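# Coordinate inspection notes
For reference, the chains in residue letters:
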Amino acid sequence: ERWNANIYVMSPPCQPHTRQHSNQHEDLQDPRSKSFLHLCGLLSQMKHDALPHLILMENVIGFEKSGSCQRWREVMAQRNYHVGHFHLNPTQIGIPNDRPRYYSVAVLQKQEHVHGEKSGTTNSGDCD
């Protein structure tokens with residue numbers, strides 16, 4: 001909060017979400033998820049004026065189906081972010097690296113009060 005950053009760019013640990021193991025549903029208990037879940041907690045408690053205006057996130061395909069991503073979506077909706085979710089591959093822009101990834105872009109909506117309530121939109125759609 002004290003740094004008042006306008007943009008967060010992050011790539012949380014991907015190991016709890018990789019397709020190489022069968023316990024992906026246990027990602028919330030995986031110690032490697034703690035830092036990301038901690039950040040979600042901080043974002044949910046920050047003063048509105050201290051929230052970043054833009055948050056960019058990258059992770060592995062499969063993250064979007066995780067409990068961590070569900071928590072992320074809940075916090076983004078609670079804090080009035082408009083969110084887009086994408087699957088992209090570097091080969092789509094001419095980079096010879098066939099490695100599809102999950103991306104999320106969250107843009108903070110202005111805080112508007114209508115009869116004492118906040119209004120805004122959040123797109124939490126799937127990447128498909």
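Residues numbered from 1 in each chain as written. Predicted model: local features only at pLDDT ≥ 70, side-chain atom pairs only at ≥ 80, totals over all residues. Heavy atoms only, no water.

Turning next to the overall build of the protein. What the protein contains, in helices and strands, is 2 helices and 6 strands. Classification of the 128 residues of the protein by burial places 38% in the buried group. Taking contacts inside the protein between residues at least 6 apart in sequence as the whole, the part at least 24 apart equals 72%. Summed over its atoms, the accessible surface of the protein is roughly 8100 Å², and 52% of this surface lies on carbon and sulfur atoms. (Helix = DSSP H or I, 4+ residues; strand = E, 2+ residues; numbered from the N terminus. Buried < 20%, exposed > 50% of the residue type's maximum accessible area, 1.4 Å probe, protein only. Contact = heavy atoms within 4.5 Å. Areas by Shrake-Rupley, 256 points an atom, 1.4 Å probe, with all protein chains shown as cover.)

To continue, consider unusual backbone geometry. Of note, N80 is a non-glycine position whose phi angle comes to about 70 degrees, a positive value. Looking at the secondary structure, you find N80 in the loop between α2 (67-78) and β3 (81-88).

Turning next to the confidence of the model for the protein. A residue-level look at the protein finds 70% of positions with pLDDT of 70 or above and a mean pLDDT of 79. Residue range residues 114-125 is modelled with pLDDT below 50. Its contacts to residues more than four positions away, or to other chains, number 29 contacts. (pLDDT = per-residue confidence, 0-100.)

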